[in-house]
Each structure stands twice: as C-alpha cells, then as structure tokens.
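Breakdown of the fold
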Amino acid sequence: MEKTKKILYSAVQPTNNLTIGNYLGAIKNWVALQDEYDCFYAIANMHAITVRQNPAELRQKTLALLALYIACGVDPEKCTLYLQSHVPCHAELAWVLNTFTYVGEMERMTQFKDKSSKHADNINMGLMDYPVLMAADILLYQADVVPVGIDQRQHLEITRDIANRFNNIYSPTFTVPEAVYQKVGAKINDLQEPLKKMSKSGENPNGAIFMTDDRDTILRKFKRAVTDSEMLVKYDPENKPGVSNLLSIYSVFSEKTIQQAEADFEGKGYGDFKLAVGEVVADKLAPIQAEQARLLADKKYLDSVLLKGGEAAYKAARRTLSKVYKKIGFYQL
Ligand code: ATP
Ligand code: LTN
C-alpha cells in the first residue's frame, strides 16, 4: 500500500516569522496533501544562511518553524519532518549538480537579482547557488510533486532542467518533479503595496500579517490595508488589486469560494469588509498560535521528531546519492 504513494517534497526557510502568505501558499496545502502522498517537509536552514543570520536566532527559529508546521496540522506520524543540515546528502548532491548548471542560468534568476540588490554588501556564492541546493533537495527524494507559492516557479523550472540534463547524459536517475500551486492563495500580496508579494522580510511590517500577530495587530493591519475609491467588493486583480487580495485571503481562511465571498459583502462598505477579513484571520490563527506555544515548551518532543525525521530522510537521500555517484564514476567501496 504505502509504496504506491507518490512522493511530495517541500520546505520553508527558518528566517523571520512566517506570514499568512507562507501559510496559504505552502503549508496549508501540505496539510491537505499529507494523506495522498508520501511527504517530506524540510526546514531549509542551509538556504537560510545565504543571507547573514544571527546564530541564536536561527536556532530558535528552527524549532519555532517545526512547531508551526505541526501546529498548522502537519502530522509527524504521517510525514517526514526534518532539518536540512541533518542530512549531509543535500550539500553533496548540490556539489555534483553544480557541474550540470551554468553560471549564466543562475545569474538570470529573479530571486538572485532581488536578493543581490537587497543585500548588496553580501552577494555570496551561496546566494547564487541557492537554486542548485533547492534542486538537490527535491531530486534526492525522487519527488513527484512540490507544493510551493508562485514565486518559486523559476526554481522549479531549473530543477526540472537539471534533472532532465542529468537523465539525458547518463540514464534515467531522477524523477522530474511537477510544481503544484493553490488555486487561490498561491500569491498573497502586501497589504500596503498590493502589487507586491507579501514577504516575511519586507520593509513595511504593516504590509504583512505574521503568523505570530495577535488579534489587535491583525485587525489594525487589515483596517489600514490599501484598497481603492470605488467602494465595491469585487474580485478584479488587475483593476482592484487591494480588494482582490483581501477577497483571496478571506476566501481561503473562511473556506468559501471567491463568489461566495463577494456575495457576503454585497452592498457593504470597505470598513465592514476589512473588519470581517481581520476577524476570520484572527479566529483561525489563535488556535495555531496556542498550539505552537504548547509545542515549543516541549523541546524533547520536537527533538524526537527531528531525530526520527532526519534518519528517515537520510535513508531515502543516501539511496539516490549512491546511484548518482555510481553513474558519474565515483569509485565506491
Ligand atoms: P523571504 O521574504 O525571507 O525571502 P518568503 O516570505 O518568500 O521569504 P520563503 O521561505 O521563501 O518565504 O517561502 C516559503 C514558502 O512560502 C514558499 O513555498 C513560497 O512560495 C511561499 N510564499 C512566500 N510568500 C508567499 C506569498 N506572498 N503568497 C503565497 N505563497 C508565498
Ligand atoms: N526556496 C524555497 C524553500 C525551499 C524549498 C526547497 C521549497 C528550499 N528547498 C525544496 C520546495 C522544495 C523558498 O520557499 N524560498
């Protein structure tokens, strides 16, 4: 039975606090897919250090992210939850894949260009190599599907290119993965600048709702969210980006379709609309926050999840890496 399930892989970096964009674009989907697939969910701390991190904070954010995964409903009994740096195969495969990736391809990556301009004082090799490490993550586990937000599309495409390149030069070695995106929620935008993606490291904290925000903060941020002067709650991302973004958030948090969401606010003003969006988000986040706090107080349990997950992940990853080493001609004992 177990063996017939397809494999799913995804990860989030333990940087800053997560936003509802991360939750809606990625983690919520992970929970929905965990019964159907054999799932590997990583905490991408090796990716996180491509931007300078405070060591104590990185350690703390690692456990906080694990607790958040579980608090959101990701079940460690069903899925493999692990820390990327606990499985050395990631760095090993990334090195091999580097030799199948061109510098020009990496220089063209949108995220690399964005992060280079944001961190102009530290354009390190890791930042440029980030997509190759991500390809190694996914390919090590022979993943069939990778649920992520739309912003990761380019990284998924290069992963497929690298896999195909290797498979064509040698023989079929890697499963070529498909990205899966949420229908609504794959790109949640900033509340202050609704044409930009909501980001956990954005400049204006009022533009993002963090998973750790309390009720008052959530209501206040939604109250200030940028809309338009039309006074019409209608989904039209091109002409009404602010209102459409709020409708998307309301729709996924209340589990209603966009049409139902529009109907809820027919004839109502933006004040009522924003308050209702804030309330549905705050109601949903409160139990997640309480559960995350409870889990964070139980470090022994969290460590045991990482230990078990790390061992299972290592086994799967090593199998692929051995195959790769054999194909490329590394002498094995
Ligand atoms: P940073 O701002 O630090 O680069 P980020 O907010 O983009 O971080 P990541 O760790 O890069 O967060 O992303 C984790 C997951 O969340 C990825 O699958 C990503 O596609 C998804 N994601 C990030 N931002 C959004 C968003 N605004 N809407 C939907 N999904 C998102
Ligand atoms: N780069 C991703 C995080 C990430 C990831 C992965 C996502 C690292 N490795 C493998 C999917 C599959 C991001 O969201 N910034």
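In this report, the structure presented in the accompanying data block is examined. (Residues numbered from 1 in each chain as written. Chains lettered and ligands numbered in written order. Predicted model: local features only at pLDDT ≥ 70, side-chain atom pairs only at ≥ 80, totals over all residues. Heavy atoms only, no water.)

Okay, the pattern of salt bridges next. With the rule as written, the count across this model stands at 14 salt bridges. Between E92 and R318 there is a salt bridge, with the nearest N and O atoms lying 3.1 Å from each other. With E92 in helix α4 (residues 89–98) and R318 in helix α13 (residues 299–328), this pair connects stretches of sequence that are 226 residues apart. Residue classification places E92 among the partly exposed residues on the basis of a relative accessible area of 24%. The partner of E230 in a salt bridge is K240, with the nearest N and O atoms 2.6 Å apart. Here K240 lies in the loop between α9 (215–223) and α10 (241–254) and E230 lies in the loop between α9 and α10, a separation of ten residues in the sequence. Where salt bridges share partners, they join D228, E230 and K240 into one cluster. (Salt bridge = Lys/Arg side-chain N within 4 Å of Asp/Glu carboxyl O. Helix = DSSP H or I, 4+ residues; strand = E, 2+ residues; numbered from the N terminus. Buried < 20%, exposed > 50% of the residue type's maximum accessible area, 1.4 Å probe, protein only.)

The next point concerns the site of ligand 2. Residues in close proximity to ligand 2 total 13 residues, the closest being Q13, Y130, M134, D137 and Q152. At a separation of 2.6 Å, a nitrogen atom of ligand 2 approaches a polar side-chain atom of Y130. At 2.6 Å, a side-chain N or O of D137 approaches a nitrogen atom of ligand 2. Contact with the protein chains removes 92% of the 360 Å² of surface that ligand 2 exposes when unbound. Among the elements of the structure, β1 (7–12) and α7 (125–140) are those that each provide at least two residues to the shell around ligand 2. The element contributing the most residues to the shell around ligand 2 is α7, with four residues. Residues belonging to the shell around ligand 2 are distributed by class as follows: eight nonpolar, four polar and one charged. (Near = heavy atom within 4 Å. Polar contact = N/O pair within 3.5 Å; in protein donor to acceptor, adjacent residues only side chain to side chain. Areas by Shrake-Rupley, 256 points an atom, 1.4 Å probe, with all protein chains shown as cover. Nonpolar A, V, L, I, M, F, W, Y, C, P; charged D, E, K, R; others polar.)

It is worth spelling out the nonpolar core at this point. Counting residues in each nonpolar core, the largest one holds 60 residues, and the members touching the most others are I20, Y69, F222 and V281. Counting residues per element, this core draws most heavily on helix α12 (residues 270–296), which supplies nine residues. Not counting chain neighbours up to four residues away, the residues in contact with I20 comprise M198, I209, M211, F222, I249, F253, V281 and L285. Within the second largest apolar cluster, 42 residues are counted, among which are V96, L139, V146 and Y325. (Core = buried A, V, L, I, M, F, W, Y, C linked by side-chain atoms within 4.5 Å. Contact = heavy atoms within 4.5 Å.)

So, about α9. Every buried residue of α9 is accounted for by T217, I218, K221 and F222. Down the axis of α9, the sector holding all buried residues measures 125 degrees, keeping them to one side. Facing away from the buried side of α9 by more than 90 degrees, the exposed set consists of D216 and K223. Structurally, α9 contributes buried residues whose contacts are with α1 (20–33), α10 and α12. (Arc of directions from axis to C-beta.)

On to the state of the cysteines, then. As used here, a disulfide is simply a covalent bond connecting the sulfur atoms of two cysteines. Overall, the coordinates contain zero disulfides when judged by the stated rule. This cysteine, C72, is not joined by any disulfide, and C79 carries the nearest cysteine sulfur, 13 Å off. Of the cysteine sulfurs around C79, a residue in no disulfide, the closest is that of C39, at 4.6 Å. (Disulfide = S-S within 2.5 Å.)

This paragraph deals with the pairing of strand β2 (residues 38–43). Burial analysis of β2 places five of its six residues in the buried class, which makes it a mostly covered element. With six bridges connecting them, β1 and β2 associate as parallel partners. Across the sheet, the residue bridging to I7 is D38, located in β2. Considered for its hand, the β-α-β crossover made up of β1, α1 and β2 is right-handed. (Pairing = 2+ DSSP bridges. Right-handed = clockwise from strand over helix to strand, strands pointing away.)

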